[in-house]
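Below are the chains, spelled out letter by letter.
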Amino acid sequence: MKKVIICDDNEKSIFELREMIDQLFPNLFVISGYVSARQLIYEVEDEFLKSADILFVDVEMKEMEGTKVAKILQKKMPMLKIIFITGYPERTEKIFDEIDPFGLLLKPFCRERLEKCLKRELESEKKEGRFVEIRKKGKNYYVPTEEIYYVESRARKLFIHKKDKTESVYERISRFCFIYEEDFVRCHQSYAVNWGQVAEVSTNGILLKNGEKIPISRQKYREVRSRIL
């Protein structure tokens, strides 16, 4: 799960933003909120808070300017992506003069703009093969690739077997393997395995690191061995 920090001296804004993120991307982000910029900096410098992926920070705070907070945190966390929050769009030019932000979010918060900002981060991770996107009940969910052992096609559904549970979605296995070909290899008409979870390949099947054995078809055997070994 990705770590998100929200720094805003308005507690209501932190609550609203946290709720919006949780609604848009359930169970994907761990969110920490700070009304005190100094407290946040103290925890980072004291290595209480060692890492984060995204920082939402209000530009106009009484205790400390958001740009200053962003600069301090980026020195400690070079890969941290900064999304500035402001209720004064006319003052945004100064922000871009001092730091190159990942995004800008205006108050009152817009769900579409927030979703766009966070999707940019998720899309960059997906390109690296680190997330699989699944759609259920009209919502998009993002599953870390490393959590998936294999997928199984059955009764027009795709069953995604993860470390802790199995998810089912309406998806074709051929389309899934085409999209995520860098991480999954089809070994059977009804199965595709995460090659990062493979322990052994033989004509009798594929042994996964969790001890499960997945069938392999005769036609796919050579292709799978060349891909994995």
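Below, the structure is looked at part by part. Bear in mind that the values here come from a model prediction, so they are computed numbers and not experimental data.

**Some points on the packing of aromatic side chains**
Counted under the stated rule, the structure contains 4 aromatic pairs. Between the aromatic rings of F25 and F29, the centroid separation amounts to 5.8 Å while the plane-to-plane angle is 80 degrees, which identifies the pairing as edge-to-face. The class of F25 is buried, set by a relative accessible area of 3%. The interplanar angle of 50 degrees and the centroid separation of 5.1 Å between the aromatic rings of F176 and Y180 together place this pair among those described as tilted.

**Details of the pattern of salt bridges**
Applying the stated criterion to the full structure yields 11 salt bridges. Between E115 and K119 there is a salt bridge whose closest N-O contact spans 3.9 Å. Of this pair, E115 and K119 both sit in helix 5 (residues 111-127), 4 residues apart, which is roughly one turn of the helix. Accessibility expressed as a relative area gives 26% for E115, which makes it partly exposed. What emerges from the salt-bridge pattern is a single network uniting K2, D53, K81 and E121.

**Comments concerning the pairing of strand 3 (residues 54-58)**
Of all the 5 residues making up strand 3, 5 are buried; the element is thus mostly covered by neighbouring parts of the structure. Where burial is concerned, the two faces of strand 3 agree: the one with I54, F56 and D58 and the one with L55 and V57 are both buried. Of the pairings in the sheet, the one linking strand 1 (residues 2-7) to strand 3 comprises 4 bridges and is parallel in character. Looking at strand 3, one finds that V4 is bridged to I54. Across 5 bridges, strand 3 lies against strand 4 (residues 81-86) in parallel orientation. Among the inter-strand pairings, V57 is bridged to a residue of strand 4, identified as F84. Handedness of the β-α-β unit built from strand 3, helix 3 (residues 66-76) and strand 4 comes out right-handed.

**As for the side chain of K162**
Tracing the backbone through its elements, the reader meets K162 in strand 9 (residues 157-162). Note on K162: relative accessible area 13%, which makes it buried. A distance of 3.5 Å separates a polar atom in the side chain of K162 from a polar atom in the side chain of E167. Among all residues touching K162, those that are not within four sequence positions of it are V143, E147, I148, Y149 and E167.

**A word on the nonpolar core**
Inside soluble globular proteins, nonpolar side chains tend to come together where they are buried. In this structure, L17, I21, F29, F56 and L114 are the most contacted members of the largest nonpolar core, which totals 24 residues. Mapped onto this core, the elements with two or more residues apiece are strand 1, helix 1 (11-24), strand 2 (29-34), strand 3, strand 4 and helix 5. Among the nonpolar cores identified, the runner-up in size contains 23 residues, and I5, A52, L80 and I82 belong to it.

**Points about helix 3**
Because an α-helix completes one turn every 3.6 residues, residues spaced three or four positions apart along the sequence face the same direction. Those residues of helix 3 that sit buried are G66, T67, V69, A70 and L73. For helix 3, the angular spread of the buried residues around the axis is 155 degrees, confining them to a single face.

**So, the sheet that holds strand 4**
The strands making up a sheet associate through backbone hydrogen bonding, with each pair oriented either parallel or antiparallel. Reading across from one edge, 2-1-3-4-5 is the order of the 5 strands in this open sheet, with parallel pairing throughout. This sheet does not close on itself; its edge strands, each paired only once, are strand 2 and strand 5 (103-106). Taken pair by pair, the neighbouring strands of this sheet meet at an average axis angle of 20 degrees, ignoring direction.

Reading the values: the criteria
Residues numbered from 1 in each chain as written. Predicted model: local features only at pLDDT ≥ 70, side-chain atom pairs only at ≥ 80, totals over all residues. Heavy atoms only, no water. Phe/Tyr/Trp six-rings, centres within 6.5 Å; stacked < 30°, edge-to-face > 60°. Buried < 20%, exposed > 50% of the residue type's maximum accessible area, 1.4 Å probe, protein only. Salt bridge = Lys/Arg side-chain N within 4 Å of Asp/Glu carboxyl O. Helix = DSSP H or I, 4+ residues; strand = E, 2+ residues; numbered from the N terminus. Pairing = 2+ DSSP bridges. Right-handed = clockwise from strand over helix to strand, strands pointing away. Polar contact = N/O pair within 3.5 Å; in protein donor to acceptor, adjacent residues only side chain to side chain. Contact = heavy atoms within 4.5 Å. Core = buried A, V, L, I, M, F, W, Y, C linked by side-chain atoms within 4.5 Å. Arc of directions from axis to C-beta. Axes fitted to C-alpha atoms, helices over the stretch in contact; angles between N-to-C directions.

Worth remembering: the numbers are spatial, not functional.
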